[in-house]
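Residue-level listing of the chains:
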Amino acid sequence: MTELLRGRLADAGLQPVDVRPTGQGFAAVSGLVTLADTSEVFAKTFAQGSDGGVFAQEAEGLEALRGAGLATPDVLHYDDDLLVLSRLQARRDTGQFWEQLAHDLARMHQATVTDRFGWPHDNWLGPMRQHNAWHHDGFTFFAERRVLRWLSEPRVAAKLDAAERHALERLCAALPELMPTRPACLTHGDFWQQNILATADGTPAVIDPAVSYMWADVDLAHVWSTPHPPPAQRFFAVYGELTSAEPGWTDRLAYVQLRQHLALMAMFDDDWGSTHAVRALIAPFRRRAPG
């Protein structure tokens with residue numbers, strides 16, 4: 001796979017001297033690259049090709065996040081087959097790092113509040129299309145564009161039976177009773193620990209966005225619901241303080257993480273327990289058969 005990346009760098013007019021696989025990400029072929037001028041960059045491509053615009057939209061997302069105050073890598077090159085970014089560093093999992101990330105994310109969420117949910121066009125969550133048509137109701141947007149849209153995907157259709165799909169629809173209908181009404185804001189959209197790195201001076205920085213205007217909970221749920229280091233607990237405590245979150249606010253994050261569980265179900269046969277997690281969440285919404 002390094003030869004594929006090397007070839008696409010050369011096709012783009014760059015001169016790779018060394019390409020070292022990173023092992024990051026589930027969909028892309030990626031590597032740390034030393035160029036002929038001795039600079040080091042990060043590059044990625046897709047082995048099977050991709051729909052045009054994937055990397056352009058990733059670059060757009062990084063620019064939007066940077067404009068709203070999050071650190072991101074510099075976009076050095078993109079085309080239909082290749083994305084090249086400045087190199088970031090592995091983060092140091094300290095309480096101070098995660099506290100700074102909480103400040104940065106809370107500032108971005110609070111500074112970008114709007115009354116519309118969506119994005120000017122569809123973009124991508126990994127290799128799958130993210131549906132972003134504008135809507136003024138967050139519950140409807142989340143149900144239709146972030147949860148139920150996955151039911152027609154072949155792997156999801158194979159994993160959930162009719163009763164389970166109906167239970168998921170009933171859960172979506174009940175969302176206004178399960179969660180408070182919240183405004184939209186700019187969200188990273190794929191905010192889990194693997195996409196959180198650092199700049200050379202240790203500032204938190206992010207990669208691989210799937211941006212949209214959505215509930216802030218979309219970002220918080222992803223970190224909360226996936227394995228994260230113990231110092232990250234400081235992130236949730238500080239974020240809650242900065243945003244005056246109500247007691248028990250993390251309880252609702254499991255419902256928001258439905259979107260990511262269903263996306264993983266759609267992308268992979270072995271989905272890291274996502275099918276089990278969805279079944280557990282929808283269990284109270286299953287109707288008993290007449291006895």
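Scroll up to find the structure.
Because the structure is a prediction, the values reported are computed rather than measured.

### Re the environment of Asp271
Step number 1: You can see Asp271 is positioned in the loop between helix H11 (258-267) and helix H12 (274-282).
Step number 2: In this structure Asp271 comes out as buried when scored by relative accessible area, which is 5%.
Step number 3: Between the alpha carbons of Asp271 and Glu246 there is a distance of 32 Å; along the sequence they are 25 residues apart.
Step number 4: In contact with Asp271, not counting residues within four places along its chain, are Lys159, Leu264 and Met265.
Step number 5: Only 2.9 Å separates the side chain of Asp271 from the side chain of Lys159, close enough to count as a polar contact.
Step number 6: Polar side-chain contacts of Asp271 include one of 3.1 Å to the backbone nitrogen of Ser274.

### Details of the sheet that holds strand S3 (residues 40-45)
Step number 1: If you trace the five strands from one edge of the open sheet to the other, you get S1-S2-S3-S5-S4, paired in antiparallel fashion. Two strands in the sheet have a free side with no partner beyond their single neighbour: strand S1 (16-21) and strand S4 (75-78). Mean inter-strand twist for the sheet, computed between neighbouring axes without regard to direction, equals 25 degrees.
Step number 2: Sitting on the sheet, helix H1 (residues 2-11) is in contact with S1, strand S2 (29-35), S3 and strand S5 (83-86), with an inclination near 140 degrees to S1.
Step number 3: Set on the sheet, helix H2 (residues 54-67) makes contact with S3, S4 and S5; between it and S4 the angle comes to about 160 degrees.

### Notes on the packing of aromatic side chains
Step number 1: Summed over all chains, the structure comprises 14 aromatic pairs.
Step number 2: Residues Phe139 and Trp215 carry aromatic rings whose centres are separated by 5.4 Å and whose planes lie at 65 degrees to one another, so their mutual orientation is edge-to-face. Here Trp215 lies in the loop between strand S11 (212-214) and helix H8 (217-225) and Phe139 lies in helix H4 (residues 138-147), a separation of 76 residues in the sequence. Assigned by exposure class, Phe139 and Trp215 land together as buried.
Step number 3: Members of the aromatic cluster, each reached through a chain of ring pairs, are Phe97, Trp98, Phe191, Trp224, Phe235, Phe236, Tyr239 and Trp249.
Step number 4: Note that Arg116 overlies the ring of Trp134, its terminal NZ or CZ placed 3.9 Å from the centroid.
Step number 5: Above the ring of Trp150, the side-chain terminus of Arg149 is found at 3.7 Å from the ring centroid.

Rules of the game
- Residues numbered from 1 in each chain as written.
- Predicted model: local features only at pLDDT ≥ 70, side-chain atom pairs only at ≥ 80, totals over all residues.
- Heavy atoms only, no water.
- Helix = DSSP H or I, 4+ residues; strand = E, 2+ residues; numbered from the N terminus.
- Buried < 20%, exposed > 50% of the residue type's maximum accessible area, 1.4 Å probe, protein only.
- Contact = heavy atoms within 4.5 Å.
- Polar contact = N/O pair within 3.5 Å; in protein donor to acceptor, adjacent residues only side chain to side chain.
- Pairing = 2+ DSSP bridges.
- Axes fitted to C-alpha atoms, helices over the stretch in contact; angles between N-to-C directions.
- Phe/Tyr/Trp six-rings, centres within 6.5 Å; stacked < 30°, edge-to-face > 60°.
- Lys NZ or Arg CZ within 6 Å of the ring centre and 35° of its normal.

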